[in-house]
Amino acid sequence: MLPLSLALLGLSFRSLLPSLPSHAEASLSDRGILSPTPIQAAALRLLASGESVVLHAPTGSGKSLAFLLPALSRGVGPRSKMMLLAPTRELAVQLAAEADALLGGEASVAIVAVGSRPSAAEMIDASVLACTAPEMLELLGEAGVLASAADAALASLAVIVLDEIDSLLPSESFRGPRALAMRKAANKRADEPAAQTLLLRALELCAEPELQLIAASATVSRPSRAKLARILRRDPLGRWFERPLAVVRPAELEAADLSKMARAVTVPASIRHTYVRLPMRVAKLAHVGSVAHARRTGASAAQAEAELQMRAGHKPTLKEKRRLKAAKSAAAAAAAAEARTHPLIVALGCAVSEQQPRSALVFLCRSSGLTVRKAARQMRAIGLPVKALHEAIGLEHAPPGLHNVRKAGTRTVRKAEPVEWWNKPEYRDEDASVVLGDGSDEEDWEEAELATSPGGRSSSSTQLQSRQRELAAQFRACAGLRAAESERAEPPVEPPFVVTFEDMARGLHFDGVEVVYILGLPDSPATYLHLAGRTGREPVLSGTVLTICPGNSHAQLCAWANRLGDVHFEEVELEGLQQALSNR
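Structural notes, computed from the coordinates. In every chain, residue numbers begin from 1 and rise along the written sequence. Side-chain atom pairs in this predicted model are given and counted only at pLDDT of 80 or more, local residue features only at pLDDT of at least 70, and totals for whole chains, interfaces and linings cover all residues. Excluding hydrogens and water, the side-chain values take into account all heavy atoms of the structure.

Attention now goes to the side chain of Glu98. Starting at the N terminus, helices and strands are each numbered in turn, a helix being any DSSP run of H or I of at least four residues and a strand any DSSP run of E of at least two. Looking at the secondary structure, you find Glu98 in helix H6 (residues 89–103). Only protein chains enter the calculation, and the probe is 1.4 Å; a residue is then buried if its accessible area is under 20% of its type maximum, exposed if over 50%, and partly exposed in between. The exposure class assigned to Glu98 is buried, which follows from its relative accessible area of 18%. In what follows, a contact means two residues having at least one pair of non-hydrogen atoms within 4.5 Å. Residues within four places of Glu98 in sequence aside, it is in contact with Arg31, Leu65 and Leu68.

If you want it as structure tokens, here you go:
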């Protein structure tokens, strides 16, 4: 007997969701989406009935529509909201834009994330709330009408979606005879994830007996599912005591023996996996300094020189002369290092020049030592028409928690936050001109606060969604795909070329991405799967991934082949790379 999910393949959206609003169906048809994907066929009816599930399917398989469409068919509104909880601000904006397109102007969508802070009225009136956990907790922790509105919004929830569940609720796996002791020790020293705190707060405030919870990821693991189950056992109303979350997979995975597979979900087989080796001598020069370091050392030299000049009539001691000389030397070395183009950026320029992709995404790994601003600046310097992702969607001046900063005289006073955002790698940007402490960068702070204030240019959820749709339209146009009615953008003069940090890859979707460039070695096989999965997505199932590996890191990358589902890594050589590296 065929599995039910296999029997449902080939049915239309209307057949699976008879109550699907006509404007949502028209939106899908306008974008060329005419039939459900395997994960959608398996999940739509189940979710429309109100079941709480975990969606486990490959990257680019349509999980977002799988949890959005059933909620819209059941009906969402100000008193029966849908909360979309995402690990990154970029994904929150993307989900909000997707939901808004399906709603067709029938209801409003509010975004609570870095760079978007809706008013109390917007939160109350919204039917869909797309948010990141730290920023939502920040609103809940404040005093005043905005915190009351956030509480009211959580109390009126009907559906909670945890997109990229394994990123929202990270868990460690331990093996061996001391696994239990190691797990207990890790649990003691680990802080509670912000998503866990927010989820527990929502369960406490929301009294809806039929509250639906949906988790989704391409790399959801047993530890992540077990962690979610432990959290749900703390629900005051016990709504999941007798109905644990079932795992829903596409029909082909349901019929397969997962115990014999290295990884249940892999990237599409049509993706080509390639890598470029950088010489070891270049890899040793990977860390080429930063603007901030140059500023710090330069300031030290100026300070030391000023101290000597202030001592009128004082003959500098030998120790003072040596200190001044060392400070000046360090400042000159840092400035010279900053002037050199990072070898990974040089290799990227050669790759783009040789491949001439119509569209591309560039991901910076932690091992690269690069920040997004620094990489974008150096890419533009060598002629690449690159945009940072946060800038492209309208989040230029808004690091997390920035709206929590207020001035008192000439000092900058910062209120307590749920997380220390400056320690997050994705926000660790040495090029940032904002300096905590002396208030010397007042114009930067005013511009940043404007971006996050209720009346600021980037605070509007509608504006963020519009910028996201414009960027998506550029990718669609370059891929030769039909533009939606809401995306009647002119074909871009230059191909869309976007750079961001590796953690931002989770859930990111643009149609027809031709090439994904990875600078450095990703953190893990799961991270590589998410990075590579930005191409080869519905509706264009082909694409190329090029990883630029410094030193011997290519050996580690190739060793992941089996854990990634027996993918084949192909080494490529870039013409003129050696010459470009020597001339940088």
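It is worth spelling out the packing of H6 against helix H22 (residues 461–478) at this point. Two numbers describe how H6 lies on H22: the axes approach to 9 Å, and their chain directions differ by 90°. One element, H6, and the other, H22, form an angle in the roughly perpendicular class. On H22, the residues that touch Val93, Gln94, Ala96, Ala97 and Asp100 of H6 are Leu464, Gln465, Gln468 and Arg469. Under the scheme applied, nonpolar residues are Ala, Val, Leu, Ile, Met, Phe, Trp, Tyr, Cys and Pro; charged residues are Asp, Glu, Lys and Arg; polar residues are all the others, including Gly. Considered class by class, the residues forming the contact of H6 with H22 number four nonpolar, three polar and two charged. Every angle, taken between N-to-C directions, lies between 0 and 180 degrees, and every axis is a line fitted to C-alpha atoms, over only the stretch in contact when it is a helix. Each angle receives one of four descriptions, namely roughly parallel if under 35 degrees, roughly antiparallel if over 145, roughly perpendicular if within 65 to 115, and oblique otherwise.

This next bit is on the pattern of salt bridges. For this document, the term salt bridge refers to a Lys or Arg side-chain nitrogen within 4 Å of an Asp or Glu carboxyl oxygen. Under the defined criterion, the tally for this structure stands at 16 salt bridges. A salt bridge links Arg272 to Glu570, with the nearest nitrogen and oxygen atoms 2.9 Å apart. With a gap of 298 residues between them, Arg272 in strand S8 (residues 271–278) and Glu570 in strand S16 (residues 569–571) connect regions that are remote in the sequence. One continuous salt-bridge network, built from bridges that share partners, spans Arg366, Glu502, Asp503 and Asp523.

The next subject is the nonpolar core. For our purposes a nonpolar core is just a set of buried Ala, Val, Leu, Ile, Met, Phe, Trp, Tyr and Cys residues, chained together by side-chain atoms within 4.5 Å. One finds Leu55, Phe67, Leu69, Met82, Leu84, Phe510 and Tyr528 to be the most contacted residues of the largest nonpolar core, which totals 80 residues. At eight residues, the largest contribution of residues to this core is made by H6. Dropping the residues within four chain positions of it, Leu84 is found in contact with Phe67, Leu68, Leu95, Val128, Leu129, Ala130, Cys131 and Val161.

Bringing H22 into the picture now. For H22, built from 18 residues, the straight-helix expectation of 26 Å at 1.5 Å per residue is met to within 8% by its first-to-last C-alpha distance of 26 Å. When we look at burial in H22, the residues that qualify are Ser461, Leu464, Gln465, Gln468, Arg469, Leu471, Ala472, Ala473, Phe475, Arg476 and Cys478. For H22, the elements touching its buried residues are H6, strand S3 (109–112), strand S9 (360–364), helix H20 (389–392) and strand S13 (497–501). The first or second residue beyond H22 is Gly480, which carries a positive phi of 75°. One less than the residue count of a helix, multiplied by 1.5 Å, gives the span that helix is expected to have.

Mapped onto the fold, Ile160 is located in strand S5 (residues 157–163). On a C-alpha basis, the gap between Ile160 and Leu213 in space is 4.8 Å, while along the polypeptide they are 53 residues apart. In contact with Ile160, other than residues within four places in its own chain, are Met83, Leu199, Ala202, Leu211, Gln212, Leu213 and Ile214.

This part covers the environment of Val540. Here Val540 is to be found in the loop between helix H23 (525–532) and strand S15 (543–550). In this structure, the C-alpha to C-alpha distance between Val540 and Val513, residues 27 residues apart in sequence, is 8.2 Å. Aside from chain neighbours lying at most four places away, what touches Val540 is Leu481 and Gly512.

Mapped onto the elements of the fold, Thr274 is located in strand S8. Whenever two N or O atoms come within 3.5 Å, that pair is a polar contact, provided that in protein one can donate a hydrogen and the other can accept it, and provided that, for residues adjacent in sequence, both atoms are side-chain atoms. One polar contact links the side chain of Thr274 to the main-chain carbonyl oxygen of Val545, over a distance of 2.8 Å. Every residue in contact with Thr274, bar those within four places of it in the chain, is listed here: Thr544, Val545, Leu546, Thr547, Glu570 and Val572.

DSSP bridges decide pairing: two strands pair if at least two such bridges lie between them. Strands sit in the order S10-S13-S9-S14-S15-S8-S16 across an open sheet of seven strands; the sheet is parallel. Each of the sheet's edge strands pairs with one partner strand only, and the pair in question is strand S10 (387–388) and S16. Where S8 and S16 come together, three bridges link them in parallel fashion. The partner of Thr274 across the bridge, within S16, is Glu570. In the packing of helix H18 (residues 343–355) onto the sheet, the strands contacted are S8, S9, S13, strand S14 (515–519) and S15, and the crossing angle to S14 comes to about 160°. Helix H19 (residues 372–381) contacts S9, S10, S13 and S14 of the sheet and is inclined by roughly 150° relative to S13.

A cis geometry characterises the amide bond from Glu538 onward to Pro539, with omega recorded as 5°. Along the chain, Pro539 turns up in the loop between H23 and S15. Positive phi is not limited to glycine here, since Glu164 has a value of about 60°. Within the element layout of this structure, Glu164 appears in the loop between S5 and helix H10 (165–168). For Glu164, a relative accessible area of 5% translates into the label buried. Although it is not a glycine, Asp566 adopts a positive phi angle of roughly 60°. Looking at the element boundaries, Asp566 is found in the loop between helix H24 (553–559) and S16.

Position of Ser73 among the secondary structure elements: in helix H5 (residues 63–74). On a C-alpha basis, the gap between Ser73 and Ala48 in space is 7.1 Å, while along the polypeptide they are 25 residues apart. When neighbours within four sequence positions are excluded, Ser73 is seen to be in contact with Leu17, Ser19, Leu20, Pro21 and Ala48.

Geometric values such as these leave the question of function open.
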